[in-house]
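For reference, the chains in residue letters:
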Amino acid sequence: MSLAAYCVICCRRLGTSAPSAKRRTYWRDIRNIIKFTGSLILGGSLFFTYEILALKKSLTLDTEVVETEKMKSYIYVHTASSDRRESHDTFSTVDVEDHECAVWLLLKDSKSEDRTTRLEAVREMSEAHHWHDYQYRTIAQACDARTLVGLARSKDSDPRFFLPPPPLPPLKEDSCTEEELRQLLASLPQTELDECIQYFTSLALSESSQSLAAQKGGLWCFGGNGLPYAESFGEVPSATVEMFCLEAIVKHSEISTHCDNIEANGGLQLLQRLYQLHKDYPKVQRNIMRVIGNMALNEHLHSAIVRSGWVTIMAEALKSPRIMEASHAARTLANLDRETVQEKYQDGVYVLHPQHRTSQPIKADVLFIHGLMGAAFKTWRQQDTEQVLTEKALDDEDRYTTCWPKTWLARDCPALRIISVEYDTSLSDWRARCPMERKSIAFRSDELLRKLRAAGVGDRPIIWISHSMGGLLVKKMLLEASKKPEMSTVIKNTRGIIFYSVPHHGSRLAEYSVNIRYLLFPSLEVKELSKDSPALKTLQDDFVEFAKDKKFQVLNFVETQPTCIGSMIRLHVVPEESADLGIGDLIPVDVNHLNICKPEKKDAFLYQRTLQFIRETLAKDLEN
């Protein structure tokens, strides 16, 4: 603007000046204009040049940095591979920095044809705790299913090795998880089923249909035909109905062809949705893990289980401080790990130690068999004294453990594989989970023996540890195994047996009127415990003769205190004369029937004597 004004003034001056003066003024003014405009143009040019260069510098990227970041963001695999987890092809040549080579070499070694090389690569990956985030993600995206399962079973693996599960498909319009679970159950074969599977399936379908009808009508429906099973009106009805469906699906998942149907009908994704919805309902989650663990027994379903993201979920659950949750996850991952695990763990067979891949040689097996109304974990917890209960919050496993075989025994004898078995029992047919399921000791022993042999029991030296009726099962299993050539290794490798208050000669529980329900409808298990049971006497006589012939080491514990059953009854469940097998030491302990297998603390006599027996009986085997 000032330049334009200056030019106008100069022009006016030229127009009003005298002729002679006009020429001088004209050229002087022209020179002034040129000087002024030149300086302005030069200054402006320099200013704009500076701004352009500065902008260019801020927008210019370091190509070296870009290439490095590209290396971090992309994974270079053979282009012919369609499934990155199934591919075993070699990597394409990439110029990587020196510090990146180790990651890619480990990834390459994990796909080697040599098993030792693969195992070493997975071990080194699991021990890597100094990598950058993108390096863990590189492995997570490029590794195959075998490597992923190996990392999940490695104790110290970084969680970044595991990608989040893929997004779940949306629910169908006007549907809910409960309805889809019902549809999944209804889609499974309903013919040629065992009576209990039929019972659970019909109960679940009936309950879910009533619940769905009630929801649509604006009401909740508790119980229905399954009223005896709805034990608490405080539970969320949908979760209760889902439990019915899950229990039926657990039974179906024990049949290989039904597992194929579950996978084909989207069951892996639906169960994962339920698992996430019921994070605060461990019972639902455990039943879901039972289904996945059963499906993992079928190797042709492994790739589907891995692709659906279940390995990530199981890897997280395996690190849980809750022993039940970790043990369910350990079973599933062991069934998926065909690289280092040859055994198959069927429903109800849980490895308490080792639950991870380990370089520690396993030299013997210790098996825990619970008794009437017991369970694979709660039977073997520490005794609940008032002092212990106040100290639970300290999370000190030496002070309190919910499963002493996993916590104490595994630490004291790391060379043992510790297995706990679970099976359903009841005092009365009123409380039986399946009213049609009237299983005798002979039936259960045959079923458990088959499952344990599939888990490799018999391949190593064995010590059996049992409580109450579990001891009768052990005796029956050993007698039956002696008659079957394919089970001969179980007898050959049995070194010793510990009996915790086992009613070798019967129990008063079978004769005592504890409750009107139990009196009217005692279960088959309770009937078989009566003192005048011919089957029990035959079992006792046959086993004593057999054990003496095989020179089994035996240790017997027996309670000396009565057990409270109900609010008014105090009963000495297994008296000393009944707990006396006739061979081995018999040690009375000042506890009741429930606590005879629950040491008060780690240095208590009950645990220390058990530990001493195990070490002495397996001394030669553990030395080799």
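Residues numbered from 1 in each chain as written. Predicted model: local features only at pLDDT ≥ 70, side-chain atom pairs only at ≥ 80, totals over all residues. Heavy atoms only, no water.

Turning our attention to the overall build of the chain. Each helix and strand counted, the chain has 27 helices and nine strands in total. Within the chain, buried positions represent 50% of all 624 residues. Taking the contacts inside the chain whose residues are at least 6 apart along the sequence as the reference set, 75% of them involve residues at least 24 apart. Approximately 31000 Å² of the chain is accessible, and the part contributed by carbon and sulfur atoms is 54%. (Helix = DSSP H or I, 4+ residues; strand = E, 2+ residues; numbered from the N terminus. Buried < 20%, exposed > 50% of the residue type's maximum accessible area, 1.4 Å probe, protein only. Contact = heavy atoms within 4.5 Å. Areas by Shrake-Rupley, 256 points an atom, 1.4 Å probe, with all protein chains shown as cover.)

Across all of its chains, the model carries 14 aromatic pairs by this definition. Between F368 and W380, the aromatic rings sit 5.0 Å apart at their centres with planes inclined by 70°, giving edge-to-face as the arrangement. Here W380 lies in the loop between β2 (364–369) and α17 (386–391) and F368 lies in strand β2, a separation of 12 residues in the sequence. With respect to class, F368 is no different from W380; both count as buried. (Phe/Tyr/Trp six-rings, centres within 6.5 Å; stacked < 30°, edge-to-face > 60°.)

Here we take up the packing of helix α7 (residues 145–152) against helix α15 (residues 310–318). Contact geometry for α7 and α15: axes closest at 9 Å, N-to-C directions at 15°. Accordingly, the angle class assigned to the pair α7 and α15 is roughly parallel. Of the two elements, α7 crosses α15, and the hand of that crossing is right-handed. Residues L148, V149 and A152 of α7 pack against V311, A315 and L318 of α15. Residue composition of the contact of α7 with α15, grouped by class: six nonpolar, no polar and no charged. (Axes fitted to C-alpha atoms, helices over the stretch in contact; angles between N-to-C directions. Parallel < 35°, antiparallel > 145°, perpendicular 65-115°, else oblique. Left-handed = near helix turned anticlockwise from the far one by under 90°. Nonpolar A, V, L, I, M, F, W, Y, C, P; charged D, E, K, R; others polar.)

The next point concerns the UniProt feature "transmembrane region" (unreviewed entry) in the chain. UniProt records the feature "transmembrane region" (unreviewed entry) at residues 33–53, using the numbering of this structure. With 100% helix and 0% strand, the stretch residues 33–53 has end C-alpha atoms that lie 30 Å from each other. (UniProt positions renumbered as here; feature names shortened; annotations may be inferred.)

With respect to the secondary-structure elements, A330 resides in helix α16 (residues 323–336). On the accessibility criterion, A330 (6% relative accessible area) is buried. Spatially, the C-alpha atoms of A330 and R153 are 7.7 Å apart, while their sequence positions differ by 177 residues. In contact with A330, other than residues within four places in its own chain, are L318 and Q355.

So, about the nonpolar core. In terms of nonpolar packing, the biggest core is built from 66 residues, with W131, I139, L271, I288 and W310 touching the most fellow members. The residues contacting W131, other than those within four sequence positions of it, are V103, L106, M125, Y136, I139, R160 and F161. Core analysis: the second largest hydrophobic core is formed by 43 residues, V341, Y423, V502 and F546 among them. (Core = buried A, V, L, I, M, F, W, Y, C linked by side-chain atoms within 4.5 Å.)

The next thing to look at is the pattern of salt bridges. Here the idea is simple: oppositely charged side chains can pair when their charged atoms come close. This structure, assessed with the given rule, holds 21 salt bridges. Note that D158 is salt-bridged to R160, the shortest N-O span being 2.9 Å. For K476, the salt bridge goes to E480, with nearest N and O atoms at 3.6 Å. Of this pair, K476 and E480 are both found in helix α20 (residues 469–481), four residues apart, which corresponds to roughly one turn of the helix. One salt-bridge network, in which partners are shared between bridges, spans E120, R123 and E127. (Salt bridge = Lys/Arg side-chain N within 4 Å of Asp/Glu carboxyl O.)

We now examine the pairing of strand β1 (residues 349–353). When you tally the buried positions in β1, you get five out of five residues, the bulk of the element. Of the pairings in the sheet, the one linking β1 to strand β3 (residues 416–421) comprises four bridges and is antiparallel in character. Paired with Y350 across the bridge in β3 is S420. (Pairing = 2+ DSSP bridges.)

Let us now look at unusual backbone geometry. The step from H353 to P354 runs through a cis peptide bond, and the omega angle for that step is -5°. One can find P354 in the loop between β1 and β2. One non-glycine residue, S468, lies in positive phi territory at about 55°. Within the secondary structure, S468 is located in the loop between β4 (462–467) and α20. The class of S468 is buried, set by a relative accessible area of 7%.

This brings us to the sheet that holds strand β5 (residues 494–500). One open sheet holds the seven strands; their spatial order is β1-β3-β2-β4-β5-β6-β9, and the pairing between them is mixed. Lying at the two open borders of the sheet, with one neighbouring strand each, are β1 and β9 (585–589). Here the strands of the sheet are splayed against their neighbours by 20° on average, with no regard to which way each runs. Bridging between β5 and strand β6 (residues 553–559) involves five bridges; their strand directions are parallel. Counterpart to F499 in the pairing with β6 is N556.

This paragraph deals with the side chain of S445. Relative to the assigned elements, S445 resides in helix α19 (residues 441–454). A polar contact of 2.8 Å, which involves the side chain of S445, links it to the backbone oxygen of A442. (Polar contact = N/O pair within 3.5 Å; in protein donor to acceptor, adjacent residues only side chain to side chain.)

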